[in-house]
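Survey of secondary and tertiary structure
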Amino acid sequence: MAKILAVDDSASMRGMVAFTLRSAGYEVAEAENGQLALDTASSSRFDLVLADVNMPVMDGISMVRELRTRAEYKGVPILMLTTESNTDKKMEGKAAGATGWLVKPFDPEQLLATVKRVLG
Amino acid sequence: MSSVNIAQFHKVFFEESLEGLDAMESALLALDEGGDAELVHSIFRAAHSIKGGSATFGFPDMAALTHEAESLLDQVRDGRRAIDKGIIELMLRTVDCLRGMFDRAQGGQPLANADSDGLKLELAAAAGNAIPAAAAKAAAKPAASGGWSIEFRPHAGMLAGGNDPLRLLRELAALGQLVVEARLDRVPTLDALDPTECHLAWHLELTGAVTREAIAAVFEWVEDECDLSIEPIVAAAPPPAPAVEAVAAPAGAGAAAGTPRAAAASSNDAGSVRVGIDKIDGLIDLVGELVITQAMLDQFREDFDPSRLAMLQQGLAQLARHTRSLQESVMGIRMLPIGSVFNRFPRLVRDLSQKLGKQVKLDLVGEHTELDKTVLEKIGDPLVHLVRNAIDHGLETPDKRRAAGKGDVGTLRLEAFHRGGSIVVEIVDDGAGLNRDAIINKALQKGLIKSGEGISDEEVGELIFQPGFSTAAVTTDLSGRGVGMDVVRRNVSDLGGTVSIKSRPGNGTTFTITLPLTLAIIDGLRSAVGDECYIVPLVSIVESVQLPPDAVRSVTGGGELFRFRGEYLPIVRLHQQFGCANARQKIEDGLVIVVESDGSQVGLFVDELIGQQQAVVKSLEANYRRVEGISGATILADGSVALIIDVAGLIRLQSRRKAA
Amino acid sequence: MGSKSKGGASKGEVRVGMPADFRIAEVTDVHRQLGEALDASQILLDGGAVDRIDTAALQMLVVFQREAQKRGNTVNWAGASAPLHDAASQLGLAQILALPAKQPA
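Parameters at a glance
Residues numbered from 1 in each chain as written. Chains lettered and ligands numbered in written order. Predicted model: local features only at pLDDT ≥ 70, side-chain atom pairs only at ≥ 80, totals over all residues. Heavy atoms only, no water. Helix = DSSP H or I, 4+ residues; strand = E, 2+ residues; numbered from the N terminus. Buried < 20%, exposed > 50% of the residue type's maximum accessible area, 1.4 Å probe, protein only. Pairing = 2+ DSSP bridges. Axes fitted to C-alpha atoms, helices over the stretch in contact; angles between N-to-C directions. Contact = heavy atoms within 4.5 Å. Salt bridge = Lys/Arg side-chain N within 4 Å of Asp/Glu carboxyl O. Polar contact = N/O pair within 3.5 Å; in protein donor to acceptor, adjacent residues only side chain to side chain.

Going by an unreviewed UniProt entry, chain C carries the name STAS domain-containing protein and comes from Dyella mobilis.

Where an unreviewed UniProt entry is consulted, chain A appears under the name Response regulator, with the organism given as Dyella mobilis.

See below:
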């Protein structure tokens, strides 16, 4: 089953995402900021990265930019978890190399539908 | 389909959000003193997380309020607006309002009220937003009956960005019948090809009952990464019949209308503790050591040769050491830094001093000092009271301070530190100190003392802890809360701690709270009463004495008194109090343990003392029910149960009996 | 890394194997092999082991086929997995790639 990296500084949001995906059979690793996500992404390769935008230490956009410079993350889907109000952030994330986004709030069903969509 | 119950994440969400609000508040206060941009970012992040979480976890009212706060903060963050006192004030009120909402959410009550609605409008006005009426959804466009012709030319970088045209075309194919024609006009030679760049393009024809919106949704993420045109295929003749009514696929738009969910009240209030990984690792190490020791001892089971006695003893000593370390480490898990309680004071001090026209500098020292979680949760209120008291009564206004030859700004220091097996929290102000005369007058007036002659400073300090005592010369709205220092002392003593006061006239006052490290284990004296065993907490014991029969006086109403250090103390016969069979009846056959709490003493009559021991406290309420005079139970080495005496409770019982 | 054996290459024939994960991050190796293969008169492509494939890989195969045709090389398929077939058809590239008949699953 596909391996997914969930990056969010909010434990509840990360917990919800990880729990939902694990329940659906995915293998999930968690990271609470962009820096830790980069470390985790070095030690193991993921098929999908879900990342919050606003995080301390390193935000999601800087994380995507860095991840896309790595050959092994070319073409790997990276989705930003953003809020409705953050339309600029969507585009900023895209410019940094994100594949797309998932708009908060989302419920477990929406999350799974989107993940299935990108993982095929 | 997996169904995930989202309510299971509420507790974590509440916890992290309340922490976020604390962080937001301290950042706002720091900003008030002239902080930097990073503070604004951290405030924004906190608001943003709460907004995202509240919307996700089914609290739309909270999401709506934080949305307004966030847009105002966003303007500050990107420099469209300068931060000013007004915004800080508004944000601080938002913090308070959200705390209220979390309170109500935990109680399963509706979140919004008049205050929060008003605040939402204020925030929106400050951000220059009109609260939009629910935007009318654009009517779903009918599907083109002739189908759609799509030109799709990805930019070179699309593949590396994770949007594979293969996926997009599969999604389109799922909507209707898709005819695909690849365009190879821009394909380079193999040599010149960067295989990670896209040079292909497609002409697509999609037929079926498909709306333009559904197609646009497929391309939503790549609008900026491709040239795209979506045109209806015009049927030659006859003109298209009125289209079948189709409902727009709510791909991205569905998120706008957050479905309100009933906030399921969580009855499980057992609380949780976040534990650092290092603590867990330490525990695992210790368990590893225990396993090794156990294996070592195990070899003696099969064949024990007396010549190996030394090894056995060594093994047992190791076992004892590891058990003790393990106990300490496990207790450590319940320990949390007092900083989480201290954090609320910058705000409180700021608000109070502004209200009273005083200037106060707050020093927090020893925030990392750790306390038992239960103690920590209960120490907040007494500390708040003492801090209010210090600002209200202790510290002077700037002109009074100047007149006394002091600087305008008063200092209030909260300091926590370890002393022996206790935690000490000091609240120190450099104000005027206790007003000895005012206190004595008030005490006389209240009938607490008969005369002010020969009263020591310590005794004056003790007076303010008497029930019903209030020192305020002017009743302010701060002190008129019906909570006196007696309640502070009661709360602290319920935690097994003590409060004392030291005044330096003209130079300030120091309150010292001494608390036990943990409530989970106490040092006690095991005493036999008939067939039962009771544990008396060591901290409360003054002395134990054997009394001759004539030392006891009966008083009217059935009580007994004995003389101890020049005072008459009541005797509580535990066998009578708790109904124990086969207990000794004659005073000379047993022992009297003199115990103290809240400055009152009584003698507990028991059969005999068995010895001192540590007792792991088990809740009696959780396993049986609450019993007056008993604070809990413990299990003894032989597996039997002993009850732990609640000294403060027994003394209260005794004084009630006396009053009756 | 899948089967990228060049074994069985006689004078004029070169065999290029494709890995199971034949996607954008893994295309460099095959890109090099394909470039070298253009020097041979007969080229055998083996996509029998391909499990996952994307547009980047298929585009590369398309570019290779076009160039081989232009140069007059003979290109044959030793194998083409179902995922390879499906992806090529979905992108409208099956014909250009001259894929062999679909293998039964």
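All names here are of chain B. Residue placement: Asp392 occurs in helix H12 (residues 373-394). Residue class for Asp392 comes out buried when judged on its relative accessible area of 11%. The spatial distance from the C-alpha of Asp392 to the C-alpha of Ser353 is 8.3 Å, given a sequence separation of 39 residues.

All names here are of chain B. A sheet is described by the order of its strands in space; here 5 strands give the open sequence S6-S8-S9-S11-S10, paired in mixed fashion. Two strands in the sheet have a free side with no partner beyond their single neighbour: strand S6 (360-365) and strand S10 (498-504). Strand-to-strand twist in this sheet, taken as the mean axis angle between neighbours without regard to direction, amounts to 15 degrees. Looking at chain direction, S6 and strand S8 (residues 410-419) are connected through 6 bridges and run parallel. If you follow Leu362 over to S8, its bridge partner there is Leu412. The strands that H12 touches are S6, S8, strand S9 (422-429) and strand S11 (508-516); relative to S11, the one it contacts most, it runs at about 175 degrees.

Put simply, an interface is often sized by how much accessible area is lost when its parts join up. Contacts between chain B and chain A engage 41 residues on the former and 43 residues on the latter. The tally of links between chain B and chain A comes to 3 salt bridges. Close ionic contact of Glu171(B) with Arg117(A) constitutes a salt bridge, the shortest N to O distance being 2.9 Å. Seen at the junction of chain B and chain A, the total is 16 residue pairs in polar contact (both at pLDDT 80 or more). When contributions to the side of chain B that touches chain A are tallied by element, the ones reaching two or more residues are helix H1 (10-32), helix H2 (37-56), helix H3 (60-77), helix H6 (165-173) and helix H7 (212-218) of chain B.

In this section: the pattern of salt bridges. All names here are of chain B. Taken as a whole and assessed by the stated rule, the structure comprises 46 salt bridges over all chains. A salt bridge links Arg45 to Glu38; the shortest N-O distance between them is 3.5 Å. According to the relative accessible area criterion, Glu38 is partly exposed, its value standing at 43%.

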